[in-house]
Amino acid sequence: MEKENETKAEQEEQEQVVNPWEVSAKGSGKIDYDKLIDQFGCQRLDKTFVDRVFRLTSRSPHIFLRRNVFFAHRDFNEILDAYERGEKFYLYTGRGPSSEALHLGHLVPFMFTKYLQEAFKVPLVIQLTDDEKCMWKNLTVEESKRLARENAKDIIACGFDISRTFIFSDFDYVGGQVVGIFGFTGEDHIGKISFPPVQAVPSFPSSFPHLFSGKDKLRCLIPCAIDQDPYFRMTRDVAPRLGYSKPALIESLFFPALQGETGKMSASDANSAIYVTDSQKDIKYKVNKYAFSGGQDSVENHRKYGANLEVDIPFKYLSFFLEDDDELEHIRKEYGSGRMLTGEVKKRLIEVLTEIVERHRAARAAVTDEMVDAFMAVRPLPNMFN
Amino acid sequence: MGFSKDQLLERLQAQQVQFSKYEHPIVMTVEAQAKYVGHIKGGLTKNLFLKDKKHRFYIVSALADTKVDLKVLSQRLGLGKGGLRMAPEEALAEILQVPLGCVTPFALLNESAQHVSLLLDQGFKTQECCFFHPLSNDTSISLHIQDLDMFLKSVGRVVAYVDLEANPPVGKDQPPDLAALVPSDTLSITDVLEKTASLQVDSGVNSKPTAVTAKASELSSGPRKEKLANTAKSSSSFADPEKLIEEILEKASAIVLSEIKEENIKKHGEQLGAVVSSSMRKNLSLELKNLATMFKNTAYTEGFGAGTCCPAKRL
């Protein structure tokens, strides 16, 4: 579902641009998320939601909720209302396997989705849009499928529960469904214009007869980055006409590039991101060399004025990944006031990122091709709501 | 640790592999080696230790006169243009466990080299015998290629002969002809046999199909990253309950031990138990849940695999 980022650093007096193909801030500033929410017409996810999730799931809300990484939504309140009444929902998320290189920005929605699966005890369908990348990037069908499987391994390594998760690829699964729901006739592989329906279809429970037969009113919640909002707005418009519930969305900020908040991480610039294949040395090098610092240019100035936490990347990254709220708060105070220096913050960040990346690698090493086959098999999931 | 020259020679003798041994001052190049054994019957060999962008390694062993074009080889392996380059010195020590200038097929005896792919020059078959370093630059041994072949297979290595000078086209309809020789994550003998059955040998020398056979011993599967030891350990703890529990207990003990120190005892006194307990929960919850989920997924996959080939009979 994600597209490649074509951000150019020099954007002059233009409005910020956010759509599935391009993300760039106005001028060289930051993305204005409030404006984005207004422009798109979705809602903010405020603290009352986070508290409500805590009460409903009886567990600590995920770090991405506590830190407002997932900050916007459409109809999440309805999902929660229904859940309180005992009505479940299913999760739907996906990936466009454009390259084998996955970076931390790619993992963010999957990490959050995994938490949602565990906390609410609901099933999940994961779409690998191998046909999208094939069409747009001229990959062969075989290469696309192979990439999809490699990406599936990284996704599985995030810790999804196989007894509640169905992974499917467009080439192998979706074609027939689109024909059925939208009434298209003809080939499986429909062409660029028709791509949005392919992404929309999994929002409807009838697309998965082996899982949700007889449950036409089952709601769908879609965790995604906010640039996916336009795709799903169309789906939400169409849903009632087809007799389905509108899918709900829960949307995240962009994970900023190492060089700063002018856009999102791009898989085509190796130094803009931390990859799951990076070694400890790579991470150390990249953070030290490329992570944009909000610290002052000299130690004296820094002690005097403190760091600009609005633009400081190491601090931002820590707010995404440092679990301990107290420690983060401590760093915010000390670094913001200038008592702590950038080097220290970067050092802590390197530790945190290395731990995450190494844990991911160990988990990925345990994912076999047979496991991928099992996740992708069209099979019933009898315990998916337990 | 790595095999030594003497250990290798002992083994060759024990297996009754015929070879002739020549000692000489240390040599780092084929030219230097030629000064000492060039007059003796047999083909001098050059041995390249290569690596691709995904940190997979290859030994290409060829007659000194055979032209080896790394760009062509890279394409034939399916690595694209420029996907192959000489491996760094550290890899020589770490993986092959031989000194500089001493790359040799015999290095594959070492466990550390188990995922290195070996490509032998087809031209070896035209020679009566060829010279190789027996894990040390101060000696050369010459042996008949069939004996080298036999020896390598006896230690479970797959042997592939390639026409290194060939330059077949690689494209959409012509898949890379050597793709099967790229080391992969989980490689079993049957996989290699299947894949290489279609390897085409240039009919110049002989019309026999590529000699790729191996002993029944399975090539052990390994994860794709450098830290083989650590990741191998945790992969198996996902399939084995005992190892899983061991890993959990190890992590928990580590936390307990790190928390019970003099300063903490003084600080918390009787409450130390509660402090350690909550520290354990905080630090381990996420990690152990992930472990358990992977364990479950592995078990499910095994069952799924078994179920799909032999569906259970219901009465």
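Residues numbered from 1 in each chain as written. Chains lettered and ligands numbered in written order. Predicted model: local features only at pLDDT ≥ 70, side-chain atom pairs only at ≥ 80, totals over all residues. Heavy atoms only, no water.

K.L.:
When you look at the sheet that holds strand S3 (residues 43–44) of chain A in this model, what are you seeing that I'm missing?
P.N.:
Whenever strands of a sheet pair, they do so through backbone hydrogen bonds, lying parallel or antiparallel. Residue and element names in this part refer to chain A. Taken in spatial order, the seven strands of this open sheet run S3-S4-S9-S8-S5-S6-S7, and their pairing is mixed. Two strands close off the open sheet at either side, each with one partner strand: S3 and strand S7 (165–169). Here three bridges tie strand S5 (residues 89–95) to strand S8 (residues 219–225), and the two strands are oriented parallel to one another. When the bridges of S8 are listed, Tyr-90 appears paired with Cys-220. Sitting on the sheet, helix H5 (residues 104–120) is in contact with strand S4 (70–74), S5, strand S6 (124–128), S7, S8 and strand S9 (248–252), with an inclination near 165° to S5. Where helix H7 (residues 141–156) meets the sheet, it contacts S5, S6 and S7, and its direction lies at approximately 145° from that of S6. (Pairing = 2+ DSSP bridges. Helix = DSSP H or I, 4+ residues; strand = E, 2+ residues; numbered from the N terminus. Contact = heavy atoms within 4.5 Å. Axes fitted to C-alpha atoms, helices over the stretch in contact; angles between N-to-C directions.)

K.L.:
Honestly, the interface of chain B and chain A in this entry has me stumped. Any pointers?
P.N.:
For interface size, the figure often reported is the accessible area lost on association. At the interface, 23 residues of chain B touch 31 residues of chain A. Here chain B packs against chain A, burying approximately 2,100 Å² in sum over the two surfaces, 57% of which is carbon and sulfur. Counting across the chain B and chain A interface gives two salt bridges. A salt bridge links Asp324(A) to Lys282(B); the nearest nitrogen and oxygen atoms lie 3.3 Å apart. Viewed at the interface, chain A and chain B are joined by seven residue pairs in polar contact (both at pLDDT 80 or more). At the level of elements, helix H7 (228–237) and helix H10 (272–309) of chain B are the ones that each hand at least two residues to the side of chain B that touches chain A. At 13 residues, H10(B) tops the list of elements feeding residues into the side of chain B that touches chain A. Across the side of chain B that touches chain A, the residue classes tally to six nonpolar, nine polar and eight charged. (Buried area = accessible area lost by both parts, 1.4 Å probe. Salt bridge = Lys/Arg side-chain N within 4 Å of Asp/Glu carboxyl O. Polar contact = N/O pair within 3.5 Å; in protein donor to acceptor, adjacent residues only side chain to side chain. Nonpolar A, V, L, I, M, F, W, Y, C, P; charged D, E, K, R; others polar.)

K.L.:
Mind showing me how you'd approach the side chain of His360(A) here?
P.N.:
Note that His360(A) resides in helix H16 (residues 342–365). In this structure, His360(A) is in contact with Leu107(A), Asp154(A), Ala157(A), Cys158(A) and Val276(A), ignoring residues within four places of it in sequence.

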